[in-house]
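Here is what each chain is made of, one letter per residue.
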Amino acid sequence: GAVVSQHPSRVICKSGTSVKIECRSLDFQATTMFWYRQFPKQSLMLMATSNEGSKATYEQGVEKDKFLINHASLTLSTLTVTSAHPEDSSFYICSASYPGGEKTQYFGPGTRLLVL
Amino acid sequence: AQKITQTQPGMFVQEKEAVTLDCTYDTSDQSYGLFWYKQPSSGEMIFLIYQGSYDEQNATEGRYSLNFQKARKSANLVISASQLGDSAMYFCAMRSIIQGAQKLVFGQGTRLTINP
């Protein structure tokens, strides 16, 4: 099956710093990648959708200047949390899909972010 | 608006018993897809089963089956012969086209605990 990786798996940073999370599709070309955030004991909330070569589409309430998304190639999307604060601490999960693969999105293993 | 409802925050089942996890959905779309994902404590999202809105037969994947009742807008997951390794969070999700973009909307999740 299709494999999606994320790096890093966990990161601890100081308040005010920026953190970059990478999402890669390892064995397929992902025309669309999705970024989710999951707070403890809650469900996944879609943050943004990114298509290769175009600007990401952000969900209502998600600050695009704070959560920078770059989908530079068909196998890589990055999420940068700028000027992170403790309330940004969460579990960030990416997923990827490809044309004809509408039956599912393939999820990465997630990144746990802790902002001190 | 598209919405997924999982009314069981937690379920406790004896090993080897069958278990049904409830999921109801609300959509005005004619074409949609329904998914179940398993999320163990590690956080990864594991795809279990998919049902398309036009599929006439209920989907099955090994010990997993989806009881699709279109008129009732329900898509319950049935796990037969439960195992200790089935203990995890389970999320029901619906694929919808929202403002021209394909998105997954998740329910609140059900925490399943299998007792030996």
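The structure under discussion appears in the preceding block.
All values derive from a computational prediction rather than experimental measurement. (Residues numbered from 1 in each chain as written. Chains lettered and ligands numbered in written order. Predicted model: local features only at pLDDT ≥ 70, side-chain atom pairs only at ≥ 80, totals over all residues. Heavy atoms only, no water.)

Student: It is not clear to me how the overall build of chain B should be interpreted in this structure. Could you clarify?
Tutor: Scanning chain B from N- to C-terminus turns up zero helices and 12 strands. Starting at the N terminus and ending at the C terminus, chain B contains elements arranged as β-β-β-β-β-β-β-β-β-β-β-β. Here the C-alpha radius of gyration of chain B, 14 Å, is about what a compact globule of 116 residues would show, namely 13 Å. In terms of overall dimensions, chain B has C-alpha extents of about 45 × 30 × 20 Å along its principal axes. (Helix = DSSP H or I, 4+ residues; strand = E, 2+ residues; numbered from the N terminus. Rg over C-alpha atoms; globule rule 2.2 N^0.38 Å.)

Student: How should I be thinking about the pattern of salt bridges in this particular structure?
Tutor: Residues and elements named next belong to chain A. Per the counting criterion, the structure on display carries five salt bridges over all chains. When the shortest N-O distance is used, the salt bridge between Lys 66 and Asp 88 registers 2.9 Å. With Lys 66 in the loop between strand 6 (57–58) and strand 7 (67–73) and Asp 88 in the loop between strand 8 (76–81) and strand 9 (90–97), this residue pair connects regions lying 22 residues apart in the sequence. The pair formed by Lys 66 and Asp 88 is uniform in burial state, with each residue classed as buried. (Salt bridge = Lys/Arg side-chain N within 4 Å of Asp/Glu carboxyl O. Buried < 20%, exposed > 50% of the residue type's maximum accessible area, 1.4 Å probe, protein only.)

Student: Help me out: how do you make sense of the nonpolar core in this one?
Tutor: What tends to happen in soluble globular proteins is that the nonpolar side chains get buried as a cluster. Ranked by internal contacts, the top residues of the largest apolar core, which has 25 residues, are Leu 34, Trp 36, Ile 49, Leu 77, Tyr 90 and Leu 112 of chain B. Those elements that place two or more of their residues in this core are strand 2 (10–14), strand 3 (19–21), strand 5 (33–39), strand 6 (46–52), strand 8 (64–69), strand 9 (74–79), strand 10 (88–98) and strand 12 (110–115) of chain B. No other element matches the four residues that strand 10 of chain B contributes to this core. Grouped together as the second largest cluster of nonpolar side chains are 24 residues, Cys 23, Phe 28, Trp 35 and Met 47 of chain A included. (Core = buried A, V, L, I, M, F, W, Y, C linked by side-chain atoms within 4.5 Å.)

Student: I keep staring at the packing of aromatic side chains and nothing clicks. Help me out?
Tutor: Aromatic ring pairs: the centre-centre distance and the angle between the two ring planes describe each pair. All names here are of chain B. According to the stated counting rule, one finds 13 aromatic pairs over all chains in the structure shown. Both rings, one in Phe 35 and one in Phe 47, keep their centres 6.4 Å apart while their planes meet at 65 degrees; by these two values the pair is edge-to-face. Of this pair, Phe 35 sits in strand 5 while Phe 47 sits in strand 6, and the two are 12 residues apart along the sequence. What makes Phe 35 buried here is its relative accessible area of 1%. (Phe/Tyr/Trp six-rings, centres within 6.5 Å; stacked < 30°, edge-to-face > 60°.)

Student: Sorry if this is basic, but what is going on with the side chain of Ser 90 of chain A here?
Tutor: Within the secondary structure, Ser 90 of chain A sits in strand 9. In this view, Ser 90 of chain A contacts Arg 37, Gln 38, Phe 39, Thr 111, Arg 112 and Leu 113 of chain A; residues no more than four positions away in its chain are not counted. (Contact = heavy atoms within 4.5 Å.)

Student: I tried to follow the interface of chain B and chain A on my own but got confused; where do I start?
Tutor: For an interface, size is often stated in terms of accessible area lost upon the parts coming together. Between chain B and chain A, the contact holds 18 residues from the first and 18 residues from the second. In this assembly, chain B packs against chain A so that about 1400 Å² is buried in total across both faces, 55% of it on carbon and sulfur atoms. Counting the contacts that link chain B with chain A gives one salt bridge. The salt bridge involving Lys 103 of chain B is made with Glu 59 of chain A; its shortest N-O contact spans 2.6 Å. Linking chain B to chain A there are five residue pairs in polar contact (both at pLDDT 80 or more). Secondary-structure elements contributing two or more residues to the side of chain B that touches chain A are strand 5, strand 6, strand 10 and strand 11 (101–106) of chain B. Element by element, the count of residues in the side of chain B that touches chain A is highest for strand 11 of chain B, at four residues. Residues of the side of chain B that touches chain A, tallied by class, amount to eight nonpolar, seven polar and three charged. (Buried area = accessible area lost by both parts, 1.4 Å probe. Polar contact = N/O pair within 3.5 Å; in protein donor to acceptor, adjacent residues only side chain to side chain. Nonpolar A, V, L, I, M, F, W, Y, C, P; charged D, E, K, R; others polar.)

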